[in-house]
Amino acid sequence: MAEGLAHGIEVIPTGAALGAEIRGLDVRAVDRETFEAIRTVWHRHLVVVFRDQDLGGDLSRFSRWFGELDPAPVDTRGMPSIPEHPEIAVISNIIEDGEPIGALGAYEAAWHTDMSYRAEPPSASLLFALEVPEEGGDTGFANMYLACEELPAALRDRAEGRAIKHDASHDSAGQLRRGVEAPANPGEAPGVSHPIIRTHPATGREALFLGRRRNAYVDGLPSAASEALLDALWAFATRPEFTWHHQWAPGDLVVWDNRCTLHRRDAFDADARRLMLRTQVKGSRPV
Ligand code: SIN
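Residues numbered from 1 in each chain as written. Predicted model: local features only at pLDDT ≥ 70, side-chain atom pairs only at ≥ 80, totals over all residues. Heavy atoms only, no water.

Asker: Quick question: what am I supposed to make of the overall build of the protein chain here?
Answerer: Assigned secondary structure in the protein chain consists of 5 helices and 20 strands. Whereas a compact globule of 287 residues would reach a radius of gyration of roughly 19 Å, the protein chain reaches 18 Å, a difference of no more than 12%. Taking the principal axes of its C-alpha atoms as reference, the protein chain extends roughly 55 × 45 × 35 Å. Looking at the protein chain as a whole, 52% of its 287 residues qualify as buried. When contacts within the protein chain are restricted to residue pairs at least 6 apart in sequence, long-range pairs at least 24 apart make up 78% of them. (Helix = DSSP H or I, 4+ residues; strand = E, 2+ residues; numbered from the N terminus. Rg over C-alpha atoms; globule rule 2.2 N^0.38 Å. Buried < 20%, exposed > 50% of the residue type's maximum accessible area, 1.4 Å probe, protein only. Contact = heavy atoms within 4.5 Å.)

Shown next as structure tokens:
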């Protein structure tokens, strides 16, 4: 059912564990009052979708309403995707002059949180679709407040007070980052540790904060116990009842809260074109 918003703008929740569409808005024309209303909806639904946006070079401008922007991760050439816009990551399978123009190819991207291997992972990510394949390439989201609330007590006891080291060596499509050596085992992977259960700095709610499964390591546990705890947490957190998937159209802009969601992407035909631009908003150290 639609929820009201300022200035006749409508909010249509997905009806799943998270996600809502905000209708009737050109995000280039947002003012302070409208943005505050958007932020309230975003905190309630964790992922918001705006359709039919004509953003061109305005993605960074709208993204800055959410806060200061982080530089994007370097691409497979070890450079920002767009040198004059180091805050924009190009996510694409398109090859030009023999070089990929962006990250993640046409592969499946496994469940993850963006850049959680940094000391201060982004609070939000904004992904804008310029070109999309007819089939595949859907992006799934999972609600980590809900997973945390419903975590069985015995599993919560095993996770409480512990931290995960978040691997910086591979991207979410499983590709080794440029200039990084593949770690011999998860304990040796480069990365930063964050609490498994964090408190969202804006809403005060607890959320599971798992990052990505590959090469993750629970600090202080023997390797087998770390693997067993991570397997149990991931199996629980990615249950279908905590998730919702977005099917893209050109002009869609999706904003997700990186502090309380995971996301993943379906693979698609490598001969089809998918071209997306992503920005990420500076966050704080998870506590
Ligand atoms: C991402 O993981 O940030 C990109 C997701 C996508 O390509 O849909």
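Asker: Looking at this structure, I do not really get the site of the ligand. What am I missing?
Answerer: Every residue near the ligand is listed here: I91, L104, H112, D114, L127, T139, W256, H263, R265, R274 and R278. Measuring from an oxygen atom of the ligand, one finds a side-chain N or O atom of H263 at 3.1 Å. Burial of the ligand by the surrounding chains reaches 100%, relative to a free accessible area of 260 Å². Looking at the shell around the ligand residue by residue, the class counts come to 4 nonpolar, 3 polar and 4 charged. (Near = heavy atom within 4 Å. Polar contact = N/O pair within 3.5 Å; in protein donor to acceptor, adjacent residues only side chain to side chain. Areas by Shrake-Rupley, 256 points an atom, 1.4 Å probe, with all protein chains shown as cover. Nonpolar A, V, L, I, M, F, W, Y, C, P; charged D, E, K, R; others polar.)

Asker: What am I meant to see in the pattern of salt bridges here?
Answerer: When the charged atoms of two side chains lie near each other, side chains of opposite charge can form a pair. Summed over the entire model, instances satisfying the criterion amount to 21 salt bridges. A salt bridge links E206 to R156; the nearest nitrogen and oxygen atoms lie 2.9 Å apart. With E206 in strand 15 (residues 206-208) and R156 in helix 4 (residues 153-159), the pair connects residues that are 50 residues apart, well separated along the chain. The exposure class assigned to E206 is partly exposed, which follows from its relative accessible area of 36%. One salt bridge connects R239 with E241, and the closest N-O pair in it is separated by 3.6 Å. A relative accessible area of 37% places R239 in the partly exposed class. (Salt bridge = Lys/Arg side-chain N within 4 Å of Asp/Glu carboxyl O.)

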